[in-house]
Amino acid sequence: QQLKHLTELVEKILSMAVDERKNFRLQREVFRLAPLIEQLIRPLELRASKPVHIRLTDETEPTEIDADPLHLKQMLENLLDNAVKYAKPDEPLNVYLKTWNTEHHLCLSVRDTGQGIKKENLKKIFEKFYRVHTGNVHDVKGFGLGLAYVKKMVDLHEGEIRVDSEYGKGTTFTIKLPIIRDEDME
C-alpha cells in the first residue's frame, strides 16, 4: 500500500512539473491507440478494490496518431482511475471505452456508471488542485492534479477534451486528437 501511495505521489509531482516547465516537449511517436488502451484494462481491473467491468469498442479504421505514448497512457490511466475512485459504493462499476474516427480526428470516450459530477463542479474539474467535494466520504485520495494534467496533455497534443456528466448516473470524458492522413506524410 505504501509503494502504491508513493508511486501515485511521484506521478502527481511529475505531472505538476510537466505543467510548470515552459520548454517541455512531447516525445511523439506514430502508433495505433487501441493496443495501448488494451494494455491498461486488465491491470486496472486487478487493482480495483471492487468489481470493475471495462469494455473497449474500437470503431477506428487502421488509423495512426502522432502522439506521446507515455503521456497518452498516463492521461487514460488518470481517467480510468477517476472512474474507479468515484464509483458508487457497493455497486459494480462499468466503464465503456470507445474509439472512433472523424475526418480529421481520432476520438476516444471513457464513460462510467459512477457517481457523476454535479453541474456546478463541471466547469472547475480541469483546474489544478481542484477536487470535487465528496461530503463525508474520505476514501477518495488525490491532489486534484489528475484532470489538470489530462487537460494540459490534450492541449499539448493540439486536441480537445469535453466532459458530460449526470450526477448519480455517471460521467463521460471525450478526447479528440488529430490523426495522420496520407497527405500529411508527403
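Up top is the structure these notes are about.
Rules of the game
- Along each chain, residue indices are assigned from 1 in the same order as the chain's sequence is written.
- The predicted origin of the model limits local features to residues at a pLDDT of at least 70 and limits the giving and counting of side-chain atom pairs to 80 or more, whereas totals for whole chains, interfaces and linings rest on all residues.
- Only hydrogens and water are set aside when side-chain values are computed; all heavy atoms of the structure are taken into account.
- Put simply, a salt bridge is a Lys or Arg side-chain nitrogen that is within 4 Å of an Asp or Glu carboxyl oxygen.
- Numbered from the N terminus, helices here are DSSP runs of H or I no shorter than four residues, and strands are runs of E no shorter than two.
- Whether a residue is buried, partly exposed or exposed follows from its accessible area with a 1.4 Å probe, protein chains only, as a fraction of its type maximum: under 20%, in between, or over 50%, in that order.
- At least two DSSP bridges between two strands are required for those strands to pair.
- Here an angle of 0 to 180 degrees is reported between the N-to-C directions of two axes, which are lines fitted to C-alpha atoms, with helices fitted over the stretch in contact.
- In what follows, a contact means two residues having at least one pair of non-hydrogen atoms within 4.5 Å.
- Between rings of Phe, Tyr and Trp, where Trp is taken as its six-membered ring, a pair exists when centres lie within 6.5 Å; planes separated by under 30 degrees are stacked, by over 60 edge-to-face, and by other angles tilted.
- A positively charged side chain is recorded as over a ring if its NZ (Lys) or CZ (Arg) lies within 6 Å of the ring centre. The angle to the ring normal must also be within 35 degrees.
- Here, nonpolar core means buried Ala, Val, Leu, Ile, Met, Phe, Trp, Tyr and Cys residues that are tied together by side-chain atoms lying within 4.5 Å of each other.
- One fewer than the residue count of a helix, multiplied by 1.5 Å, yields its expected span.
- The arc in question is the one traced by the directions running from the helix axis out to the C-beta atoms.

Asks: Any chance you could explain the pattern of salt bridges here in plain terms?
Replies: Should the charged atoms of two oppositely charged side chains come close, the side chains can pair. Considering all chains together, one arrives at seven salt bridges under this definition. Lys-176 is the partner of Glu-160 in a salt bridge, and the nearest nitrogen-oxygen pair spans 4.0 Å. Linking Glu-160 in strand E6 (residues 160-166) with Lys-176 in strand E7 (residues 170-178), this pair joins segments that are 16 residues apart in sequence. The partner of Lys-169 in a salt bridge is Glu-166, and the shortest N-O contact between them spans 3.7 Å. Exposure remark for Lys-169: the relative accessible area of 55% places this residue in the exposed category.

Asks: Would you take a moment to explain the sheet that holds strand E5 (residues 105-112) for this structure?
Replies: Two pairing modes exist for strands in a sheet, parallel and antiparallel, and in both the strands are linked by backbone hydrogen bonds. Read from one edge of the open sheet, five strands run E2-E4-E5-E7-E6, paired in mixed fashion. Lying at the two open borders of the sheet, with one neighbouring strand each, are strand E2 (52-58) and E6. Recorded for the sheet is a direction-independent mean angle of 10° between the axes of neighbouring strands. Pairing between E5 and E7: seven bridges, direction antiparallel. Bridge pairing links Cys-107 to Lys-176 in E7. Against the sheet, helix H2 (residues 33-47) makes contact with E2, strand E4 (93-101) and E5, and its axis sits at roughly 170° relative to E2, the strand it touches most.

Asks: I would appreciate a short explanation of the packing of aromatic side chains in the present structure.
Replies: Each aromatic ring pair is characterised by the separation of its centres together with the angle its planes make. One pass over the structure, following the stated rule, counts one aromatic pair. Relative to Phe-173, the ring of Phe-126 lies with its centre 6.3 Å away and its plane at 75°, an arrangement referred to as edge-to-face. Separated by 47 residues along the polypeptide, Phe-126 in the loop between helix H4 (119-122) and helix H5 (146-156) and Phe-173 in strand E7 bring together distant segments of the chain. In this structure, Lys-98 packs its charged tip against the face of Trp-100, placed 5.4 Å from the ring centre. Its guanidinium or amino end placed over the ring of Tyr-167, Lys-118 lies 5.0 Å from that ring's centre, counting from NZ or CZ.

Asks: I would appreciate a short explanation of the nonpolar core in the present structure.
Replies: What tends to happen in soluble globular proteins is that the nonpolar side chains get buried as a cluster. By size, the foremost hydrophobic cluster in this structure holds 42 residues, and its most contacted members are Leu-33, Ile-65, Leu-72, Met-75, Val-95 and Leu-97. The element that contributes the greatest number of residues to this core is helix H3 (residues 69-85), accounting for seven residues. Beyond its immediate chain neighbours, meaning those up to four positions away, Leu-97 contacts Ile-37, Ile-41, Ile-54, Arg-55, Leu-56, Thr-57, Leu-80, Leu-108, Ser-109 and Val-110.

Asks: It is not clear to me how the pairing of E5 should be interpreted in this structure. Could you clarify?
Replies: Residues in a regular strand project their side chains so that they alternate between the two faces of the sheet. Counting buried positions along E5 gives seven out of eight residues, so the element sits mostly inside the fold. The pairing of E4 with E5 spans seven bridges and is classified as antiparallel. In the sheet register, Val-95 faces E5, and the bridge partner there is Asp-112.

Asks: Help me understand the environment of Val-52, please; the structure alone is not making it clear to me.
Replies: Structurally, Val-52 is set in strand E2. Apart from residues lying up to four places away in sequence, Val-52 is in contact with Glu-45, Val-84, Leu-93 and Val-95.

Asks: What am I meant to see in H2 here?
Replies: In an α-helix, one full turn covers 3.6 residues, which means residues spaced three or four apart are oriented alike. Between its first and last C-alpha, H2 extends 22 Å over 15 residues, near the 21 Å set by a 1.5 Å rise per residue. All buried positions along H2 are accounted for by Leu-33, Ala-34, Leu-36, Ile-37, Leu-40, Ile-41 and Leu-44. For H2, the angular spread of the buried residues around the axis is 150°, confining them to a single face. In this structure, H2 carries Glu-38 and Leu-46 as exposed residues pointing more than 90 degrees from its buried face.

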